[in-house]
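A structural walkthrough
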Amino acid sequence: MSAEIDWTALVVFVFFFALVTVMGFFAARWKSGPVNAHLDEWGLGGRQFGTWITWFLVGGDFYTAYTVIAVPALVYAVGAYGFFALPYTIIVYPFVFAVMPLLWKVAHAQGHVTAADVVHDTYESRGLELAVAITGMVATMPYIALQLIGMGVVIKAIGLSGEVPIVIAFVILALYTYSSGLRAPALIAFVKDIMIYIVVLVAVVVVPHKLGGYATVFTAANDAFAVKGGATGLTLKSSQMLAYATLALGSALAAFMYPHTLTGVFASKSADTIRKNAILLPAYTLLLGLIALLGYMAYAAHIKVSSPNDVVPMLFKVLFPSWFSGFAFAAIAIGALVPAAVMSIGAANLFTRNVWKSYIHPTISPAGEASVAKIVSLLVKVGALAFTIFLPTQYALDLQLLGGLWILQTFPALVFGLFTRWFRAEGLLLGWAAGIVWGTWTAANNGLKPLATLDIGGAKYVFYVGLGALILNTIVASIGTILAGLVSPRRMAARS
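Residue numbering note: each chain is counted from 1, following its sequence as written. Local features are withheld for residues below a pLDDT of 70 in this predicted model, meaning they are given only at 70 or higher, and side-chain atom pairs are given and counted only at 80 or more; totals for whole chains, interfaces and linings count all residues. The basis for every side-chain value is the complete set of heavy atoms in the structure, and neither hydrogens nor water enter the calculation.

Let's shift gears to the overall build of the chain. Numbering of helices and strands starts at the N terminus; helices are DSSP runs of H or I of at least 4 residues and strands are runs of E of at least 2. A tally of helices and strands in the chain yields 22 helices and two strands. Both definitions apply: the radius of gyration is a C-alpha atom measure, and the globule rule equals 2.2 Å times residues to the power 0.38. Here the chain has a C-alpha radius of gyration of 22 Å; the compact-globule value for 496 residues is 23 Å, and the two agree. If you line up the chain on its principal axes, its C-alpha atoms span 70 × 65 × 40 Å. A burial count over the chain gives 60% of its 496 residues as buried. Only the protein chains shown count as cover for residues, and all accessible areas are computed by the Shrake-Rupley method using a 1.4 Å probe. About 18800 Å² of surface is accessible on the chain, with carbon and sulfur atoms providing 70% of the total. A simple rule labels every residue: compare its accessible area, found with a 1.4 Å probe on the protein chains alone, to the largest value its type can have, and call it buried under 20%, exposed over 50%, or partly exposed in between.

Before going further, it helps to spend a moment on helix H17 (residues 322-360). Expected span of a helix, by definition, is 1.5 Å for each gap between consecutive residues, and there is one gap fewer than residues. Along its 39 residues, H17 runs 53 Å from first to last C-alpha, staying within 8% of the 57 Å computed at 1.5 Å per residue. Working definition for bend: take the seven residues up to and ending at a residue and the seven starting at it, fit an axis to each, and measure the angle between the axes. Within H17, the axis deviates most sharply at threonine 352, by approximately 30°. Burial within H17 is extensive, with 32 of its 39 residues counted as buried.

Right, let's get into the pattern of salt bridges. Salt bridge, as applied in this entry: a Lys or Arg side-chain nitrogen positioned within 4 Å of an Asp or Glu carboxyl oxygen. According to the stated counting rule, one finds eight salt bridges in the structure shown. Across the pair lysine 357 and glutamate 369 runs a salt bridge, and its minimum N-O distance is 3.4 Å. Of this pair, lysine 357 sits in helix H17 while glutamate 369 sits in helix H18 (residues 366-390), and the two are twelve residues apart along the sequence.

What follows deals with the packing of aromatic side chains. Stacked, edge-to-face and tilted labels apply to pairs of Phe, Tyr and Trp rings (six-membered ring for Trp) whose centres lie within 6.5 Å, assigned for plane angles under 30 degrees, over 60, and everything in between, in that order. Tallied over the full model, the rule gives 26 aromatic pairs. Seen from their ring centres, tryptophan 55 and tyrosine 284 are 4.9 Å apart, and the 45° between their planes marks the pair as tilted. With a gap of 229 residues between them, tryptophan 55 in helix H3 (residues 51-62) and tyrosine 284 in helix H14 (residues 282-292) connect regions that are remote in the sequence. Grouping aromatic residues by their ring pairs yields a cluster made of Phe15, Phe16, Phe316, Phe320, Trp323, Phe324 and Phe327. Criterion for a charge above a ring: Lys NZ or Arg CZ within 6 Å of the ring centre, and within 35 degrees of the ring normal. Seen from the ring of phenylalanine 320, lysine 210 lies directly overhead, with NZ or CZ sitting 5.4 Å from the centre. A cation sits over an aromatic face here: lysine 228 above tyrosine 76, 5.5 Å from the ring centre.

The grouping of Trp422, Ile471, Ile475, Ile479, Ile482, Leu483, Leu486 and Val487 at the surface amounts to a nonpolar patch, some 860 Å² of accessible area in total. If you trace the backbone, leucine 483 turns up in helix H22 (residues 465-487). Grouping into patches uses exposed residues only, defined as over 30% relative accessible area, and leaves out salt-bridged ones; the cut-off is 9 Å for like charges and 5 Å for nonpolar side chains (Val, Leu, Ile, Met, Phe, Trp, Tyr).

All right, on to the nonpolar core then. Ranked by size, the top nonpolar core spans 178 residues in total, and within it Phe13, Met100, Phe256, Tyr296, Met297 and Phe316 carry the most contacts. Residue contributions to this core peak at 21 residues, all from H17. Contact criterion: two residues are considered in contact whenever any of their non-hydrogen atoms come within 4.5 Å of each other. Leave out the neighbours within four places in its chain, and phenylalanine 13 touches Val154, Ile155, Ile158, Gly326, Phe329, Ala330 and Ala333. Put simply, a nonpolar core is a bunch of buried Ala, Val, Leu, Ile, Met, Phe, Trp, Tyr and Cys residues held in one set by side-chain atoms that sit within 4.5 Å of each other.

The next point concerns the pairing of strand E2 (residues 459-464). We call two strands paired when DSSP finds no fewer than two bridges between them. Looking at chain direction, strand E1 (residues 451-456) and E2 are connected through six bridges and run antiparallel. When the bridges of E2 are listed, isoleucine 456 appears paired with alanine 459.

With a phi angle near 50°, glutamate 124 is a residue other than glycine that sits in the positive phi range. As for its position among the elements, glutamate 124 is in the loop between helix H6 (115-123) and helix H7 (126-158). For glutamate 124, a relative accessible area of 62% translates into the label exposed. Unusually for a residue other than glycine, histidine 302 sits at a positive phi of about 60°.

The following block contains the structure:
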């Protein structure tokens, strides 16, 4: 095995990995607060992050190893369809600008730590609170697993094999998250984002130059897709347009329902901080478009891989010196650590506040909450590792999309209540159940793929399962609210 290891790349990789590990443990003292004394301190960094810290943190856990590995992999596999992530990250920021400051104000005023806290405060329903909490925890597992897959891909590209490297990285992540809480990924995100920007900007300039320009890149990709045939190509087929649009819209609505993105929102120090980030974060969308082009560049570089997930690492190995490949691999691996840490923290916050405190230990102290959350954050990572091992998928992207289907079903309970009190908890709970059951059943019958086909009058319409489940969810929630009102009429008390 040692003959296959790229030692230069490995040394560079280990250096930067060690750097962020030290930063992770140091973060406990950064913007210091009683990390072990309160869940706000461990799980939300003391709710004191300003515009730039929030920008790096949210960008760090929103644009992940999935961005660098899975998006170019999908573009390499199918072409234009893989660019669905680009419009989705354009759609999401107006939504963030309009909705998230309102959510932050509610959470800040009442001391809420999680989305389920907000839902319980709005509807006074333990059942709905529990549904939102469990959905958030379960949906986070495949997203963390996705980061582990991305990390495993680059470790394999260096020449290391087996499970030991992943276990070591897993243990390091677990320890500094346990020690420093949200401050660790917030601090590391500075390094991670700068490294990713360097890697991508160098790649989109150097790679086309080495390959003969972008004209050569697009020609090579077009020729490859012509040979492949089917639903591949540099432009969308007419049959793909509905699927592309619904996938982009559904993904946008799901993006800030996840515990990790909401953790970044709740950790901000003001509503204006969130608005400023909604304005600044589209800079990452430009980066995303450039990253996706790596999938086309692989054809011009004559990259042949057994799995599309290997495309980006192989591109760097073939076209760049070992030291830069090691730097790029470190950037991708760190791009997995940052979101994985925030995701485990978000899931741990949900369990602590909305399961442990609500059902097991209602009188738990703030320090006790922090202790429980720290332990649960470790268990969440173990669960995510199980997803990686046992869930069959063709592309790493499918893991995230399956989680997106589930988390999208919390949208009505969380968002509708910010604007209207018409819906009732009974209706929303029925809607959630309908969306979860139908969406999961449909995805399972389709090989865990995110798309479903609707046959109307002989015409077939392919659409994103998650968005279809959300529509069903909303309809059932509306009907359930009307029926609940007829059975048990009552007026909702106005709240300030």
